[in-house]
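Analysis of the macromolecular model
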Amino acid sequence: MTMNDNENDRTYTKEKHQHEHHDHSSEHEDHSQHAHQEHDHRHHDHNHHHDPSGDHHDDDHHEQHDHGSHGHHDHGDMVSDFRRRFYISLAVTIPILILSPMIQSFIGVDWRFPFDQYLLFTLATFVFFYGGWPFITGGISELKEKNPGMMTLIGLAILVAYGYSTLTVFGWEGSDFFWELATLIDIMLLGHWLEMRSVMGASNALEELVKLMPNEAHKLDDDDNVTDVPTSELKQVDNVLVKPGEKIPVDGTIYEGSSAIDESMLTGESVPVEKADGDEVIGGSVNKEGSIKVTVKKTGDDSYLSQVITLVREAQDSKSKTQDLTNRAAKWLFYIALASGFITLVVWLLLGYQFDVALERMVTVMVITCPHALGLAAPLVIAVSTSISAKRGLLIRNRANFEGARKLDAVVFDKTGTLTKGEFGVSDIVPNEGYREDDVLLWAASLEQNSEHPIASGIVSSANERNLDLKKIDAFESITGKGIEGTIEGKKVNVVSPGYVDSHNLEYDKTRFKQLSEEGKTVVFVLVNDELTGMIALADMVRETAKEAVASLKEKGIEPIMLTGDNQKVADWVASKLGIKQVFAEVLPDDKANQITKIQQKGLKVAMTGDGVNDAPALATADLGIAIGAGTDVAMESADVVLVKSNPKDVESLVDLSGKTYRKMVQNLWWAAGYNIVAIPLAAGVLAPIGIVLSPAVGAVLMSLSTIVVAINAKLLKA
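The structure displayed is predicted, hence computed values, not measured ones.

Our focus in this paragraph is the overall build of the protein chain. Per the secondary structure count, the protein chain includes 27 helices and 22 strands. When burial is assessed residue by residue, the protein chain has 59% of its 719 residues classed as buried. Taking contacts inside the protein chain between residues at least 6 apart in sequence as the whole, the part at least 24 apart equals 72%. In the form shown here, the protein chain has an accessible surface area of approximately 28700 Å², with 55% of it arising from carbon and sulfur atoms.

In structure tokens:
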């Protein structure tokens with residue numbers, strides 16, 4: 001707030017009926033806390049929202065399907081669906097392995113019996129359709145989008161293996177690949193289940209936003225009788241009553257009463273705003289003090305919150321379809337599989353071999369191109385990195401964007417609640433001659449101890465930090481728009497605004513006052529028996545960890561930027577405390593996302609860190625959205641990563657872990673692909689002229705080895 005006298009007056013009006021809202025005093029905090037705990041609980045369940053197609057690699061793409069659809073499986077259902085498919089397929093794979101002639105000859109036994117191939121075919125058909133279904137449907141949807149990836153590669157391998165093996169059962173010359181089909185499906189299901197378990201699902205931001213609105217409103221009729229009605233039934237020009245501590249149900253205008261309204265969740269304004277007749281209020285903000293009567297101005301889609309919902313949806317829809325590393329690798333392998341398969345077929349035919357021999361070579365190549373190890377290369381690293389990050393208090397929701405964190409150029413921080421604590425604290429005490437700082441603070445805190453006002457809370461907690469024993473109040477009253485007055489130990493004590501001091505022509509240090517006001521601080525004056533004892537300046541307190549976070553990001557060559565809806569002076573003061581050079585202040589909530597886009601247009605990869613509803617569109621627009629855990633559920637749901645400890649310094653840990661995770665994934669993909677680099681040419685018969693053709697059994701051993709190496713390498717990831 002720009003602190004001229006008037007606004008000081010406005011900031012510091014008083015509260016009547018203290019007892020009325022004792023119960024509600026921490027409505028906002030409780031809400032955040034509760035939301036946070038609930039959220040935490042959800043994370044620990046690892047409920048991952050998954051598209052039935054199984055196409056969860058591209059989380060962004062995913063978000064789009066899920067927005068409005070409540071018809072989707074619950075998060076947990078999709079995880080348990082993959083787990084169920086994995087265990088059932090695994091159980092059926094055991095008899096498939098026992099019945100496979102290739103496995104029998106490999107271990108040197110002969111357990112053949114009449115019609116065993118038909119039993120094998122039946123079991124493999126079950127695994128193909130039951131276990132392989134998510135990959136087939138996922139592959140089809142990837143091909144529809146002309147963007148083949150992991151699903152298409154797996155789909156191709158199992159389709160070819162199943163199709164060819166079925167032919168061999170019903171008379172075609174050649175060996176079946178049913179064991180390869182079943183083990184491939186098992187390992188891919190395991191990989192997907194592991195990955196889904198460790199990664200939170202697509203965003204539920206929109207549902208969370210809707211939850212912010214109260215379901216009911218106290219509607220007033222012409223005689224001021226109250227009827228509780230669903231918020232959705234309110235129409236323009238209806239009148240509603242909002243009691244202290246309640247959320248305001250709709251956007252509207254106050255026509256009776258006055259109160260301090262906490263809009264910090266919605267607009268980022270750090271100080272509750274005093275509002276009276278004729279002032280506008282926003283649905284979803286919290287009425288802290290007096291009862292107010294409001295005329296409904298906007299309902300439904302026109303309301304502020306609905307516009308934020310629209311912005312979040314647009315930002316999520318327009319987010320580039322980033323594909324994670326495995327998907328990119330899978331895309332190339334898909335093309336290589338197709339090309340090498342057909343080249344193998346053509347070359348063997350040209351060399352004069354029978355079609356069935358050439359086809360067997362082609363199938364071997366195409367099945368081998370989808371390495372089992374690839375299915376585990378990323379999920380195992382993800383599982384390890386997710387557990388490391390969870391221990392550090394980082395909850396990763398979107399893998400692809402987390403992987404990109406290592407390439408960040410700038411981190412944009414919201415001010416209120418992220419760099420600052422979002423609560424008033426005493427920053428300066430200026431005692432008059434003859435008084436000490438503790439004297440000024442003690443008189444002020446003693447008078448303020450029963451008040452719910454944020455300024456009062458700041459003064460009282462500061463006195464508690466200094467271990468001051470508060471004095472007993474005998475009488476207490478508010479002076480509208482000027483401050484409060486009371487009797488303590490027989491003395492008249494006032495805590496008042498600059499307007500009161502000026503109107504009573506009291507002398508004070510105007511230069512110091514001006515300096516404090518220009519730093520965006522709220523200044524109040526303390527009087528004892530009408531004598532000025534000193535002034536107290538309050539500001540939204542800067543988090544200590546924010547200083548460290550800014551310094552460590554600069555060391556990494558990442559530029560910290562501040563983006564806030566608060567006014568320029570307050571923003572500049574906080575920025576100077578933290579050493580941030582670039583500041584965008586007085587940014588309207590719906591403009592925050594545009595600011596992020598502008599920074600991105602300079603070619604920078606940007607992370608946004610925020611905690612409020614007003615940050616949600618910006619979090620969704622940034623290359624990496626980071627939510628502070630103590631913030632609103634909406635911010636968390638729009639973010640790619642949640643910092644549980646609300647510590648801005650964790651942003652650095654995040655960048656660090658992203659780099660290590662990425663390097664480990666690349667190593668694993670090389671191990672997985674390394675198997676291919678050796679196996680594909682051998683399977684294609686490059687060494688056939690000298691009598692070396694890769695038998696499927698040897699292929700299976702190579703495959704197992706690469707899978708084991710990948711698993712061990714993933715476990716070596718260290719924080």
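This part is about the sheet that holds strand S18 (residues 559-563). An order of S10-S22-S21-S20-S11-S18-S19 is seen for the seven strands of this open sheet, with the pairing classed as mixed. Two strands bound the open sheet, and with one partner strand each, they are strand S10 (394-396) and strand S19 (582-584). Averaged over all neighbouring strand pairs, the angle between strand axes comes to 20°, with direction disregarded. With three bridges joining them, S10 and strand S22 (residues 641-643) adopt antiparallel strand pairing. Within the sheet, the bridge partner assigned to Ile-396 lies in S22 and is Val-641.

All right, on to the packing of helix H7 (residues 150-169) against helix H12 (residues 325-350) then. Contact geometry of H7 with H12 gives a least axis separation of 7 Å together with a crossing angle of 35°. Of the two possible hands of crossing, H7 and H12 adopt the one that is left-handed. Between H7 and H12, the residues in contact are Met-150, Thr-152, Leu-153 and Leu-156 and Asn-327, Ala-330, Leu-333, Phe-334, Ala-337 and Leu-338, respectively. Considering only residue class, the contact of H7 with H12 consists of eight nonpolar, two polar and no charged.

Pairing of strand S1 (residues 216-220) with strand S2 (residues 226-230), which is carried by five bridges, proceeds in the antiparallel orientation. Opposite Ala-217, over in S2, you have Val-229 as the bridge partner. Remark: five residues form the turn of the hairpin made by S1 and S2, two consecutive strands paired antiparallel; Asp-224 in that turn has positive phi of roughly 65°.

Bringing the confidence of the model for the protein chain into the picture now. Across the protein chain, the average pLDDT comes to 80, with 83% of residues at 70 or higher. Every residue in residues 200-206 is under pLDDT 50, and counting partners more than four places away or in other chains gives 35 contacts. Counting contacts from residues 319-323, a segment whose pLDDT is below 50, to residues more than four positions away or on other chains yields 18 contacts.

What follows covers the pattern of salt bridges. Applying the stated criterion to the full structure yields 24 salt bridges. Between Asp-438 and Arg-466 there is a salt bridge, with the nearest N and O atoms lying 2.8 Å from each other. Of this pair, Asp-438 sits in helix H17 (residues 437-448) while Arg-466 sits in the loop between helix H18 (454-465) and strand S13 (473-479); the two residues are 28 residues apart in sequence, bridging distant segments of the chain. Between Lys-660 and Asp-656 there is a salt bridge; the shortest N-O distance is 3.8 Å. Of the two residues, Lys-660 and Asp-656 are both situated in helix H26 (residues 650-684); the distance of four residues between them amounts to about one turn of the helix. Its relative accessible area of 30% is what places Asp-656 among the partly exposed residues. The network of salt bridges with shared partners includes Asp-428, Arg-512, Glu-519 and Lys-521.

With 26 residues, H12 extends 37 Å between its outermost C-alpha atoms, agreeing within 8% with the 38 Å of an ideal straight helix rising 1.5 Å per residue. Within H12, burial applies to Leu-325, Thr-326, Asn-327, Ala-330, Leu-333, Phe-334, Ala-337, Ser-340, Gly-341, Thr-344, Leu-345 and Trp-348. Next to the buried residues of H12 lie helix H6 (116-144), H7, helix H13 (355-368), helix H14 (372-391), helix H15 (399-403) and H26. Phi turns positive, to about 90°, at Gly-352, one or two residues after H12.

Turning to unusual backbone geometry, a few remarks are in order. Even without a glycine there, the phi angle at Val-237 is positive, about 65°. Along the chain, Val-237 falls in the loop between S2 and strand S3 (239-242). We note that Asp-530 has phi near 65°; this positive angle belongs to a residue other than glycine. Following the sequence through the fold, Asp-530 ends up in the loop between strand S16 (522-528) and strand S17 (531-542). Take Asp-530: its relative accessible area is 42%, and that puts it in the partly exposed class.

Time to look at the sheet that holds strand S6 (residues 273-275). Ordered in space as S6-S5-S8, the three strands form an open sheet in which the pairing is antiparallel. With partners counted over all chains shown, the strands left at the sheet margins are S6 and strand S8 (286-287), one partner each. By the bridge criterion, two bridges tie strand S5 (residues 259-262) to S8 in an arrangement that is antiparallel. Its bridge partner lying in S8, Asp-262 is registered against Val-286.

On to the environment of Val-583. Mapping Val-583 onto the fold places it in strand S19. Assessed through its relative accessible area of 22%, Val-583 is described here as partly exposed. Each C-alpha atom, one on Val-583 and one on Pro-560, is 9.3 Å from the other, the two residues being 23 residues apart in sequence. If sequence neighbours within four positions are ignored, Val-583 has contacts with Met-562, Gln-568, Ala-571, Asp-572 and Ala-575.

Bringing the pairing of S5 into the picture now. Every second residue of S5 is oriented toward a common face, with Ser-259 and Ile-261 on one face and Ala-260 and Asp-262 on the other, all of them buried. With three bridges joining them, S5 and S6 adopt antiparallel strand pairing. By the bridge assignment for S6, Ile-261 is matched with Val-273.

Position of Val-363 among the secondary structure elements: in helix H13. With a relative accessible area of 4%, Val-363 lands in the buried category. When the C-alpha atoms of Val-363 and Ala-684 are compared, they prove to be 9.4 Å apart, with 321 residues separating the residues in sequence. Among all residues touching Val-363, those that are not within four sequence positions of it are Val-160, Tyr-164 and Phe-177.

Another point: the UniProt feature "transmembrane region" (unreviewed entry) in the protein chain. Residues given the UniProt feature "transmembrane region" (unreviewed entry) here are residues 86-106, 118-136, 148-165, 177-194, 332-351, 363-390, 669-692 and 698-717. As annotated, residues 148-165 comprises 89% helix and 0% strand, and the C-alpha atoms at either end are separated by 24 Å.

Right, let's get into the packing of aromatic side chains. Applying the stated criterion across every chain, the model contains 20 aromatic pairs. Geometrically, the ring pair formed by Tyr-508 and Phe-525 is edge-to-face, given 4.8 Å between the ring centres and 65° between the ring planes. Separated by 17 residues along the polypeptide, Tyr-508 in the loop between helix H19 (498-503) and helix H20 (510-518) and Phe-525 in strand S16 bring together distant segments of the chain. Joined through ring pairs, the aromatic side chains of Phe-115, Tyr-118, Phe-121, Phe-128, Phe-129, Tyr-162, Phe-170 and Phe-178 make up one cluster. Between Arg-361 and the ring centre of Trp-348, over which it is positioned, the NZ or CZ distance is 6.0 Å.

Criteria and thresholds
Residues numbered from 1 in each chain as written. Predicted model: local features only at pLDDT ≥ 70, side-chain atom pairs only at ≥ 80, totals over all residues. Heavy atoms only, no water. Helix = DSSP H or I, 4+ residues; strand = E, 2+ residues; numbered from the N terminus. Buried < 20%, exposed > 50% of the residue type's maximum accessible area, 1.4 Å probe, protein only. Contact = heavy atoms within 4.5 Å. Areas by Shrake-Rupley, 256 points an atom, 1.4 Å probe, with all protein chains shown as cover. Pairing = 2+ DSSP bridges. Axes fitted to C-alpha atoms, helices over the stretch in contact; angles between N-to-C directions. Left-handed = near helix turned anticlockwise from the far one by under 90°. Nonpolar A, V, L, I, M, F, W, Y, C, P; charged D, E, K, R; others polar. pLDDT = per-residue confidence, 0-100. Salt bridge = Lys/Arg side-chain N within 4 Å of Asp/Glu carboxyl O. Expected span 1.5 Å × (residues − 1). UniProt positions renumbered as here; feature names shortened; annotations may be inferred. Phe/Tyr/Trp six-rings, centres within 6.5 Å; stacked < 30°, edge-to-face > 60°. Lys NZ or Arg CZ within 6 Å of the ring centre and 35° of its normal.

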